[in-house]
Amino acid sequence: MFKKILIANRGEIALRVICACREMGIKTVAVFSEADEHSLHVRFADEAVCIGPARSSESYLHVPAIISAAEITGADAIHPGYGFLSESAYLAEVCEACHIKFIGPGPSVIRLMGEKSRARRAMKKAGVSTLPGSDGAVESEEDAQKVALDLGYPVIIKASNGGGGRGMRIVRSPEELSQALRTAQREAQAAFGIGDVYLEKYLEAPRHIEVQILGDEHGNVVHLGERECSVQRRHQKLIEEAPSAVISDEQRAALGKMVVDAAKAVGYASAGTFEFLMDTSTGQLYFIEANTRLQVEHGVTELVTGIDIVKEQIRVASGERLSFTQDDVQMSGHAIECRINAEHPTTFAPSPGRIDAFCLPGGPGIRVDTFIHAEATVPPNYDSLVAKLMSFGRDREEAIARMRRALEMTVIEGIHTSVPMHLRILADEDFQQARISTAFMERFLAPPTPPKA
Ligand code: MV4
């Protein structure tokens, strides 16, 4: 097992990784930017190294600074958390060259999944149901016109090297395609350095459902069921839950097996997530992309399975076998996560600053992962997630009730947060009935239609 892990991240996820290391008797090294000198991850790690100024590109994204910090402190592994360098095949390669273990899958798997059109093709070949679309990147406009006609409109153009919604374009008729294709290619080139794009049949208002897996370096892979993450705004998830209210036990077993077989086919050894869209008119699920990192919302899966995903991820990275088999995975109850962001609850404007009054909820069925505390300052330089409030109950109704009372008992003053927005969502009839899709927030935020005269 590792003796010392460097955590190449900040905020709540750096603390989450420190929790796992402490429970495993592993020493920790925090890295921090000048904006995070007084942050809790610095205080709770065994050692801490300043790696640069507030700007991410000069600190949390700066590979030479992170590798130097690992070498100086004698860390034998790097945990990248999520965001920042977590899906950098380059960092994974540099780690290999430096004999530091990157806690994630190997660089070739990271690279495969980072190229969405290649990942799609590989998953299709491994027996995963994918959306009808182009076979890899589109070669020319003629090629695109042919594929789109074949699929039937609407279609969606996606950047091969994009992901998370960046560089997507919906096309509703053949006349729009040529222009949309050129714009998408130009934007992909500018944003990702590679102009490749691919086509898929466009689904209106699908549900976003993803499957958590864990694999070890001995060829064992298990799935931990699904999470539903349909409640999002501008590709930022706001609420996640496990299990999905619309997946039966039979569907879960079949979906899980499909993902496990595909992960084995590509030699997947770490924690990972396979994202699917559900066509709500048929209930069919289609693979769209795979994430090779620990995800923000991993906690809801931990609550319904009782498995510590981060400890398991560290265990398998050190070469050990998974500590359990698929048969040992028992799911029970229901978990919900609300992402508490430092932003205005209705305008969504960022709201960094100093927190004064502060009180976190507890009690039955509540978990909070956060890095904030009374008198902490939320810097303006990073994403606005300040806390993840999770609830667990015997069923969805109890999980919602616990979440509502926990939100009511959350005190964060001095900055605006999304707590009031979450309270309104949880009071919504459609949300309570699990009538959710990726279009939920648009409907929720739309001004009410005036009553007829
Ligand atoms: C789609 C889609 C509809 N049809 N692909 C957005 C994020 C990226 N991971 C994939 N996304 C979508 N891909 C096809 N063929 C609709 C979305 C989408 C979406 C997906 C998941 C969660 C929220 C979303 C919000 C808008 C659009």
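Shown above is the structure to which this text applies.
Residues numbered from 1 in each chain as written. Predicted model: local features only at pLDDT ≥ 70, side-chain atom pairs only at ≥ 80, totals over all residues. Heavy atoms only, no water.

Engineer: Got a sec to walk through the site of the ligand? Specific residues and values, please.
Structural biologist: Among the 18 residues in the neighbourhood of the ligand, the closest are listed as Lys-158, Glu-200, Lys-201, Leu-203 and His-208. Between the ligand and the protein, one listed contact pairs a nitrogen atom with a side-chain N or O atom of Lys-158 at 2.9 Å. At a separation of 2.7 Å, a nitrogen atom of the ligand approaches a polar backbone atom of Lys-201. Across the complex, the protein chains shield 90% of the 520 Å² of accessible surface that the ligand would expose by itself. Of all the elements in the fold, those that place two or more residues in the shell around the ligand are strand E6 (155–159), strand E8 (197–201), strand E12 (271–278) and strand E13 (285–291). (Near = heavy atom within 4 Å. Polar contact = N/O pair within 3.5 Å; in protein donor to acceptor, adjacent residues only side chain to side chain. Areas by Shrake-Rupley, 256 points an atom, 1.4 Å probe, with all protein chains shown as cover. Helix = DSSP H or I, 4+ residues; strand = E, 2+ residues; numbered from the N terminus.)

Engineer: Got a sec to walk through the pattern of salt bridges? Specific residues and values, please.
Structural biologist: Opposite charge on two side chains lets them pair, provided their charged atoms get close. Throughout the structure, instances matching the rule amount to 35 salt bridges. With a shortest N-O distance of 2.8 Å, Arg-16 and Glu-302 are connected by a salt bridge. Note that Arg-16 is positioned in helix H1 (residues 11–24) and Glu-302 in helix H10 (residues 298–305), a separation of 286 residues in sequence. An identical accessibility class is assigned to Arg-16 and Glu-302; each is buried. Its salt-bridge partner being Glu-398, residue Arg-402 comes within 3.8 Å of it at the nearest N-O pair. Residue Arg-402 and its partner Glu-398 are both found in helix H12 (residues 396–408); the two are separated by four residues, about one turn of the helix. Here Arg-402 falls in the partly exposed class, since its relative accessible area comes to 22%. You can call Glu-398 buried: its relative accessible area is 19%. (Salt bridge = Lys/Arg side-chain N within 4 Å of Asp/Glu carboxyl O. Buried < 20%, exposed > 50% of the residue type's maximum accessible area, 1.4 Å probe, protein only.)

Engineer: Before we move on, could you go through helix H13 (residues 419–426) and cite the residues and values that matter?
Structural biologist: Listed in full, the buried residues belonging to H13 are Val-419, Met-421, His-422, Ile-425 and Leu-426. Projected down its long axis, H13 shows its buried positions confined to an angular sector of 155°, all on one face. (Arc of directions from axis to C-beta.)

Engineer: Could you give me a rundown of the sheet that holds E12, with the residues and numbers involved?
Structural biologist: If you trace the eight strands from one edge of the open sheet to the other, you get E13-E12-E9-E10-E11-E14-E19-E17, paired in antiparallel fashion. Looking along the sheet, the strands with just one partner apiece sit at the ends: E13 and strand E17 (366–370). For this sheet, the mean angle separating the axes of adjacent strands, direction not counted, is 25°. Sheet topology note: the strand E14 (residues 334–341)/strand E19 (residues 385–393) ladder contains eight bridges and is antiparallel. Its bridge partner lying in E19, Ile-336 is registered against Ser-391. Across the face of the sheet, H1 comes into contact with E17 and E19 while running at roughly 110° to E17. Across the sheet, H10 touches strand E9 (207–215), strand E10 (221–233), strand E11 (236–242), E14, E17 and E19, and the angle it forms with E19 is around 20°. (Pairing = 2+ DSSP bridges. Axes fitted to C-alpha atoms, helices over the stretch in contact; angles between N-to-C directions. Contact = heavy atoms within 4.5 Å.)

Engineer: Give me the lowdown on the side chain of Glu-241, citing residues and values where you can.
Structural biologist: Along the chain, the position of Glu-241 falls in strand E11. A polar atom in the side chain of Glu-241 sits 2.7 Å from the side chain of His-334. A polar side-chain atom of Glu-241 sits 2.7 Å from a polar atom in the side chain of Arg-396. Not counting the four nearest positions on each side in its chain, Glu-241 is found in contact with Glu-226, Arg-227, Glu-228, Val-300, His-334, Ala-335, Ile-336, Arg-396, Phe-431 and Ile-436.

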